Amino acid sequence: MDTYNQFYGDGTLKIQDTINNMWDYYVVCHGKYHALFVADTVEYILASLSYDTKIIELGKIAGLLHDIGCIVGRWNHAEMSAAIASVWLEATPLSQEEKTIIIQAIKNHSKGQIYSSAVDAALYSKIIRNRSRPSPILP
């Protein structure tokens, strides 16, 4: 989980302060707690299916970064999230194949297409499960 800890560790998000501000500002695109919840849920899904720790780490990173494109806006945020994540992932020791798994999962997280990996399926499963719940009525 060393690479995941580059993004989140010691109870704080380490990506950038602007990302923390974005997550607080773009409520329509959830928030930092949503990102952390998705990362934890993807971890649970993959661990429950007995995937190894490396795949679980890739899933957690994808979950953490899946809505980061909301910096630009909600429209087309999955593709924007994948583009932003690809830049940040360049500074990690992950292999190109591992980076591709993360980026593909982020890119597909709102589409519901054929899955390219277990990370892709776990991230989409978490997102679609959330969307199928009734929304609370706000005052």
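Rules used in this analysis
Numbers given for residues are sequential positions, taken from 1 along each chain in its written order. Local features are withheld for residues below a pLDDT of 70 in this predicted model, meaning they are given only at 70 or higher, and side-chain atom pairs are given and counted only at 80 or more; totals for whole chains, interfaces and linings count all residues. Here the side-chain values reflect all heavy atoms present in the structure, with hydrogen atoms and water set aside. Strands here mean DSSP runs of E at least two residues long; helices mean DSSP runs of H or I at least four residues long; both are numbered from the N terminus. The buried label applies to any residue whose accessible area, calculated with a 1.4 Å probe on protein chains only, is under 20% of its type's maximum; exposed applies above 50%, and partly exposed to all values in between. Residues belong to one nonpolar core when they are buried, are Ala, Val, Leu, Ile, Met, Phe, Trp, Tyr or Cys, and are joined through side-chain atoms within 4.5 Å. Note on contacts: a residue pair is in contact if any heavy atoms of the two residues lie within 4.5 Å. The salt bridge definition used is simple: a Lys or Arg side-chain nitrogen within 4 Å of an Asp or Glu carboxyl oxygen. To obtain an axis, a line is fitted to C-alpha atoms, over the contacting stretch when the element is a helix, and the angle between two such axes runs from 0 to 180 degrees between their N-to-C directions. If an angle is under 35 degrees, it is roughly parallel; if it is over 145, roughly antiparallel; if it lies from 65 to 115, roughly perpendicular; otherwise it is oblique. Throughout, a crossing is termed right-handed when the near helix is turned clockwise from the far one, and left-handed when it is turned anticlockwise from it by less than a right angle. Here the nonpolar group is Ala, Val, Leu, Ile, Met, Phe, Trp, Tyr, Cys and Pro; Asp, Glu, Lys and Arg are the charged ones; every other residue, Gly included, is treated as polar. To estimate how far a helix should extend, the number of its residues minus one is multiplied by 1.5 Å.

Peer 1: I'd love a proper account of the environment of D40, names of residues and values included.
Peer 2: Turning to its location among the elements, D40 is positioned in helix α3 (residues 32-48). Overall, the relative accessible area of 40% leaves D40 in the partly exposed class. Distance in space between the C-alpha atoms of D40 and G59 is 9.0 Å, their sequence separation being 19 residues.

Peer 1: Tell me about the nonpolar core, and name the residues and values.
Peer 2: A62, I102, I106 and V119 are the most contacted members of the largest nonpolar core, which totals 23 residues. Of all the secondary-structure elements, those providing two or more residues to this core are α3, α4 (53-65), α5 (77-89), α6 (96-108) and α7 (118-131). Setting aside anything within four residues of it in sequence, one finds V119 in contact with L46, I55, L58, G59, A62, I101 and A105.

Peer 1: Lay out the pattern of salt bridges with the relevant residues and their values.
Peer 2: Inspection of the entire model under this criterion finds three salt bridges. The salt bridge partner of K60 is E43, with a shortest N-O separation of 3.4 Å. Taken together, the positions of K60 in helix α4 and E43 in helix α3 put the pair 17 residues apart, joining distant regions of the chain. By relative accessible area, K60 is classed as buried at 9%. Where E90 meets K99, a salt bridge forms, and the shortest distance between an N and an O atom there is 3.8 Å.

Peer 1: So what's going on with the packing of α5 against α6? Residues and values would help.
Peer 2: The angle between the axes and the distance between the axes are what describe a pair of packed helices. Between α5 and α6, whose axes approach to 8 Å, the crossing angle comes to 160°. In terms of axis orientation, α5 runs roughly antiparallel to α6. Here α5 runs over α6; the crossing is right-handed. In this structure, α5 contributes A78, E79, S81, A82, A85, S86 and L89 to the contact, and α6 contributes K99, I102, I103, I106 and K107. Taken together, the residues that form the contact of α5 with α6 break down as seven nonpolar, two polar and three charged.

Peer 1: Can you lay out α3 for me, pointing to particular residues and giving the numbers?
Peer 2: In this model, α3 (17 residues) spans 24 Å end to end at C-alpha, consistent with the 24 Å of a helix rising 1.5 Å per residue. Within the span of α3, buried status applies to H34, A35, L36, V38, A39, T41, V42 and L46. Phi turns positive one or two residues past the end of α3, at S50, with a value near 65°.

Peer 1: Give me the lowdown on the packing of α4 against α6, citing residues and values where you can.
Peer 2: Where α4 meets α6, the closest approach of the two axes is 9 Å, and the angle between their N-to-C directions is 40°. Of the possible angle classes, the one that applies to α4 and α6 is oblique. Between α4 and α6 lies a crossing of right-handed hand. On the side of α4, the interface is formed by K54, L58, I61, A62 and L65, while α6 contributes E98, I101, I102, A105 and I106. By residue class, the composition of the contact of α4 with α6 is eight nonpolar, no polar and two charged.

Any functional reading would require information beyond the geometric quantities listed.
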